[in-house]
Amino acid sequence: MPLQTPPENGEASPPVTTFGPDFPFAYDTWIAHPAGLGRLPPDALGQEVAIIGAGLAGIVAAHELMKLGFKPVLYESSRMGGRLRSEPFSGAEGVVAELGGMRFPTSSTSLYHYIGQTGIETRAFPNPLDAVTPSTLIELESEQFYVEGDGDGRLPPLLQEVSDAWAQALEAGADFAALQGAVRTRDVPRLKKIWDRLVQLWDERTFYDFVASSPAFQKLSFRHREVFGQVGFGTGGWDSDFPNSMLEILRVVVTAQDEGQRMMVGGAEQLPRRLWSLAPTTLAHWPAGTSLASLHAGAPRPGVTRIARGDNGMIAITDRWGDTRRYKAAIATCQSWLLTTHIDCDESLFSQKLWMALDRTRYMQSSKTFVMVDRPFWTERDEETGRYKMSMTLTDRITRGTYLFDNGPDKPSVICLSYSWMSDAMKVLPLNAERRVRLMLAALQKVYPEVDIASHIIGEPITVSWESDPNFLGAFKGALPGHYRYNRQMFCHFMQDGLPPGERGLYLAGDGISFTPGWAEGAVQTALNAVWGVMHQFCGNTVPENPGPGDMFDDLAPVILPD
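Definitions and limits used
- Residues numbered from 1 in each chain as written.
- Predicted model: local features only at pLDDT ≥ 70, side-chain atom pairs only at ≥ 80, totals over all residues.
- Heavy atoms only, no water.
- Helix = DSSP H or I, 4+ residues; strand = E, 2+ residues; numbered from the N terminus.
- Rg over C-alpha atoms; globule rule 2.2 N^0.38 Å.
- Buried < 20%, exposed > 50% of the residue type's maximum accessible area, 1.4 Å probe, protein only.
- Contact = heavy atoms within 4.5 Å.
- Areas by Shrake-Rupley, 256 points an atom, 1.4 Å probe, with all protein chains shown as cover.
- Lys, Arg positive; Asp, Glu negative; His and termini not counted.
- Charge placed at Lys NZ, Arg CZ, Asp CG, Glu CD.
- Pairing = 2+ DSSP bridges.
- Axes fitted to C-alpha atoms, helices over the stretch in contact; angles between N-to-C directions.
- Polar contact = N/O pair within 3.5 Å; in protein donor to acceptor, adjacent residues only side chain to side chain.
- Salt bridge = Lys/Arg side-chain N within 4 Å of Asp/Glu carboxyl O.
- Nonpolar A, V, L, I, M, F, W, Y, C, P; charged D, E, K, R; others polar.

Novice: When you look at the overall build of the protein in this model, what are you seeing that I'm missing?
Specialist: Tallying secondary structure elements over the protein gives 18 helices and 22 strands in all. Against the globule reference of 24 Å for 563 residues, the protein gives a C-alpha radius of gyration of 24 Å, in line with a compact fold. The buried share of the protein, taken over its 563 residues, is 59%. Relative to all contacts within the protein whose residues are 6 or more apart in sequence, the contacts with residues 24 or more apart total 71%. With the model as given, the accessible surface of the protein reaches about 21,800 Å², and the carbon-plus-sulfur share is 51%. Separation of charge centres in the protein, based on 50 positive and 66 negative side chains, amounts to 3 Å.

Encoded structure:
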């Protein structure tokens, strides 16, 4: 159920972008400026900077550091791309299962800067109730609601009542029109005035509290709140987020992260891999044609097992084979729990408050199960009902969300049989791929008794449970009430001038460090923060006409809540 405020007075309005709201810095403008991100002094050129993790944050940081004249040294314990993981189906060229990030809102303007640089084609993602989605079927307690396309703006009465109540709740509880208007126009004083008040109001209250206590939903039945949890807004059901801080949800809707989403044709993993091999047209220090791949002899260094404070204050990085190298600066983009579990990290490298933030950050579970099918049979009509034979499906059954991907007439199609979170994901954690597929097919058979999905399956299924992957331990951060202070500790760590010398030189990045977990834009923005931090450490400077996030920090800093 997309939600955006219309332009005032019928006039054209700037688009909603991920501009803040916690730190309203224009990252998209900074990285696109012809003057570049900054300049290094001669003695910093060619200096090595370690980057732990070759996911999107690590690759973006390495790419920009290389352009500045540093020599980034990437370490990776598993597979390049992190949670941008596109698993190919065997025997089908270009047909993939998107195990991690798969839909990217156009409000993620810094992310799309790199998508544009790498020439990746995108197309609209087939979300529920989207114009590009042939049909959506919502089934709750065996009652079905069928809608073709976006329904021409008309929803079944129950769903319309839920949608209207959600819009009213946001306006009453979060001053939504004014807040999103400030995001649109990048009106920093107005945005900070509204958002800083909301942080104090909603940090310690849950998403469910926001919904249940709103007058708009109180006028309706419990059934309406239940349907809202099952169907949600934009991409589907959100009851798995009900325990989270309401601030998490406000950030998503006010920056339009849950609408206008697109997919990368051929797989999202292309983005970090293309940046890895991309030779920028503008480079300091390095000869034309230099790429991250060429600086690494074709592959990142092995995974990191220890981070310590070495001789002369250097950061000592030890890889899985015992090789230790020392760097003046390093960026850790791995999931924060790995710094307290899988990597032997010197406690003195971070303050106790920051360790608390890293360790208490809460990660959400997520599971997906994919199959490849012979053709997009869901585009065919049922002769008796006139409906499409199968639809993008939201249900209260164990599948929760079922997505349909038509790859064109010359390729097999893909069904994401199930995309689920938290307890629904945990239910299938012990099951192998075949058992998961059988479980999901049995559930969908009750929704579509006349459709033999199994007869269309070709190849082997592909599935993932991110919480069982030792390199991730979960899908993405989901801040609980009271976690804003932790968020702020992690996000602001790139500003290190005020830290004791023993806590400087190791920077944090990744979507889990951002205020927008689970979105690639957060990974990009925190990577750029770390780039500024490293540049500043080596006495580099931005140009006056293009200040960076650290230059603007005092004016834009996230509000401080009292201890």
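Novice: How should helix α5 (residues 176-185) be read in this particular structure?
Specialist: Working note: α-helix, 3.6 residues per turn, so residues spaced by three or four point in the same direction. Across the 10 residues of α5, 8 count as buried, placing the element largely inside the fold. Where α5 terminates, the next one or two residues include R186, which has phi positive at roughly 55°.

Novice: Explain the sheet that holds strand β5 (residues 104-105) to me, please; I cannot follow it from the model alone.
Specialist: Pairing between sheet strands relies on hydrogen bonds along the backbone, with the strands arranged either parallel or antiparallel. Spatially, β5-β9-β6 is the arrangement adopted by the 3 strands of the open sheet, whose pairing is antiparallel. Each of the sheet's edge strands pairs with one partner strand only, and the pair in question is β5 and β6 (122-124).

Novice: Help me out: how do you make sense of the sheet that holds strand β1 (residues 48-52) in this one?
Specialist: The strand order across the open sheet formed by 4 strands is β2-β1-β13-β22, and the pairing between neighbours is parallel. Either end of the sheet is taken by a strand with one partner, and the two such strands are β2 (71-75) and β22 (506-508). Between one strand axis and the next, the sheet turns through 25° on average, direction left out of account. As paired strands, strand β13 (residues 330-332) and β22 are joined by 3 bridges and run parallel to one another. Along β22, the bridge assignment pairs A332 with L508.

Novice: Would you take a moment to explain unusual backbone geometry for this structure?
Specialist: In terms of backbone geometry, most residues other than glycine have negative phi values and most peptide bonds are trans. Cis geometry marks the peptide bond from G20 to P21; its omega dihedral reads 5°. Relative to the helices and strands, P21 resides in the segment before α1 (27-32). Residues other than glycine seldom take positive phi values, yet S142 does so here, at roughly 70°. Assignment of secondary structure puts S142 in the loop between β7 (135-140) and β8 (143-148). You can call S142 exposed: its relative accessible area is 54%.

Novice: Sorry if this is basic, but what is going on with the side chain of S291 here?
Specialist: Among the structural elements, S291 can be located in the loop between α11 (270-277) and α12 (292-295). Not counting the four nearest positions on each side in its chain, S291 is found in contact with M66, W276, S277, L278 and A279.

Novice: Mind showing me how you'd approach the side chain of S514 here?
Specialist: Among the secondary structure elements, S514 is positioned in the loop between β22 and α17 (520-537). Polar side-chain contacts of S514 include one of 3.0 Å to the backbone nitrogen of T516.

Novice: Explain the pairing of strand β11 (residues 315-319) to me, please; I cannot follow it from the model alone.
Specialist: In summary, the side chains of a regular strand alternate between the two faces of the sheet. The element β11 is extensively covered by neighbouring structure, given that 5 of its 5 residues are classed as buried. Here strand β10 (residues 304-309) pairs with β11 via 5 bridges, running antiparallel. Residue pairing across strands places R309 opposite I315, the latter belonging to β11. Pairing of β11 with strand β12 (residues 324-327), which is carried by 4 bridges, proceeds in the antiparallel orientation. Its bridge partner lying in β12, I317 is registered against R325. Linking two consecutive strands that pair antiparallel, namely β11 and β12, is a turn of 4 residues; a positive phi of about 90° is found at G322 within it.

Novice: I would appreciate a short explanation of the pairing of strand β17 (residues 392-395) in the present structure.
Specialist: The alternating pattern of β17 places M392 and L394 and T393 and T395 on opposite faces, both of which are buried. With 4 bridges joining them, β7 and β17 adopt parallel strand pairing. Residue pairing in the sheet places I138 in a bridge with L394 of β17. From the end of β17 to the start of strand β18 (residues 401-405), which pair antiparallel, there are 5 residues, and R400 there has a positive phi angle of about 60°.

Novice: Help me out: how do you make sense of the pattern of salt bridges in this one?
Specialist: Proximity of charged atoms lets side chains of opposite charge pair with each other. Counted under the stated rule, the structure contains 30 salt bridges. For E269, the salt bridge goes to R79, with nearest N and O atoms at 2.9 Å. Of this pair, E269 sits in the loop between β9 (261-264) and α11 while R79 sits in the loop between β2 and β3 (86-88), and the two are 190 residues apart along the sequence. Its relative accessible area of 6% is what places E269 among the buried residues. We note a salt bridge from D344 to R306, for which the minimum N-O separation is 2.9 Å. Here D344, found in strand β14 (residues 344-345), pairs with R306, found in strand β10; they are 38 residues apart in sequence, far enough to count as distant. Classification of D344 by relative accessible area gives partly exposed; the value is 44%. Classification of R306 by relative accessible area gives partly exposed; the value is 29%. Sharing partners across several salt bridges, the network here consists of R79, E87, E269 and R273.

Novice: Please explain the packing of helix α6 (residues 188-202) against helix α10 (residues 246-254) as it appears in this structure.
Specialist: Look at α6 against α10: their axes get within 9 Å of each other, and the N-to-C directions meet at 145°. Side by side, α6 and α10 meet where W195, L198, V199 and W202 of the first sit next to M246, L247, L250 and R251 of the second. When the residues that make up the contact of α6 with α10 are grouped by side-chain class, the tally is 7 nonpolar, no polar and 1 charged.

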